[in-house]
Amino acid sequence: MNNPDTITNDAAQPKFPLLLRIAAYFFSYVFHPLFIPLIAAWYLAFIHEGYFIGISQHDKVFILLRVAANTILFPGATILLLKSVGFIKSIFLKSRRERIVPFVAANIFYFWMYLVFHNQPEVPSVLTAFILGIFLASSAGFFANIYYKISMHALGMGALCGLVLVIIYSNSVYPVFPAAMVIFLLTGLVSTSRLMISDHTPFDIYTGIIFGIICQVIAAAFIGINS
């Protein structure tokens, strides 16, 4: 008997035009969940002008490199290692069972990154809170994964939405609404892309976005964000 945990609905998926599928893969890869923390850190360091004031370009780049190492390099290497030893069948983690260890590994790296930033006052509190929110969202995804295949892409995009909402709520004196509109649009594009080329349901997507936003709000309230 087939294991329903490993069955995908690819055969039942409607066939979209080639250009739409190419666009869907593009948004899925560029806004892969592993890249979201780095995208957020880059936005805070080089686009938003209110949080990295007084921090040199060199220090900004060093902070981004640390974020990349702990949220892209190490989790990504873990997935490749699991694939090489046959623990998972695909680096795309198509089944809920394959996602268990990567979720745990990512949580370890995210929490370590939070602890490091929390003990370094020169790191803006908004970035520390965002990393904590990513850890909380990943933890929520881990538990949701027990019952259904929550979208990790949606968790990541929800975290970005939560970040800009937290910044807006903190009464930032710098313009945030243009970035917020771009992020909301990208969230819609990424979510639509996952519905087109994966076996996710709308419920997987919506709950991922909601969890991502809620976890950012909780983290911001816990840390305290200075506008």
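From a predicted model like this one, the values you see are computed outputs, not experimental measurements.

*Asks:* How would you summarise the packing of aromatic side chains if you had to cite specific residues and measurements?
*Replies:* Centre distance and the angle of the planes are the two values used to describe a pair of aromatic rings. Scanning all chains against the criterion turns up seven aromatic pairs. A ring pair is formed by Tyr-25 and Tyr-29, whose centres lie 6.2 Å apart and whose planes are at 25°; its orientation type is stacked. Taken together, the residues span about one helical turn, with Tyr-25 and Tyr-29 both in helix H1 (residues 18-30) at a distance of four residues. We classify Tyr-25 as partly exposed; its relative accessible area is 39%. Given a relative accessible area of 45%, Tyr-29 falls into the partly exposed group. With a centroid separation of 5.3 Å and 80° between ring planes, the pair formed by Phe-142 and Phe-143 is classed as edge-to-face. For Phe-142, a relative accessible area of 22% puts it in the partly exposed group. Judged by its relative accessible area of 53%, Phe-143 is exposed.

*Asks:* Just give me the short version of the pattern of salt bridges, but keep the residues and values in it.
*Replies:* It is possible for side chains bearing opposite charge to pair when their charged atoms get close. The full count for this structure, using the stated rule, is one salt bridge. Linking Asp-199 and Lys-149 is a salt bridge whose minimum nitrogen-to-oxygen distance equals 2.9 Å. Taken together, the positions of Asp-199 in the loop between helix H7 (177-197) and helix H8 (202-223) and Lys-149 in the loop between helix H5 (125-144) and helix H6 (152-169) put the pair 50 residues apart, joining distant regions of the chain. Asp-199 gets classed as buried once you look at its relative accessible area, which sits at 13%. Overall, Lys-149 belongs to the buried group, its relative accessible area being 13%.

About the cut-offs
- Residues numbered from 1 in each chain as written.
- Predicted model: local features only at pLDDT ≥ 70, side-chain atom pairs only at ≥ 80, totals over all residues.
- Heavy atoms only, no water.
- Phe/Tyr/Trp six-rings, centres within 6.5 Å; stacked < 30°, edge-to-face > 60°.
- Helix = DSSP H or I, 4+ residues; strand = E, 2+ residues; numbered from the N terminus.
- Buried < 20%, exposed > 50% of the residue type's maximum accessible area, 1.4 Å probe, protein only.
- Salt bridge = Lys/Arg side-chain N within 4 Å of Asp/Glu carboxyl O.

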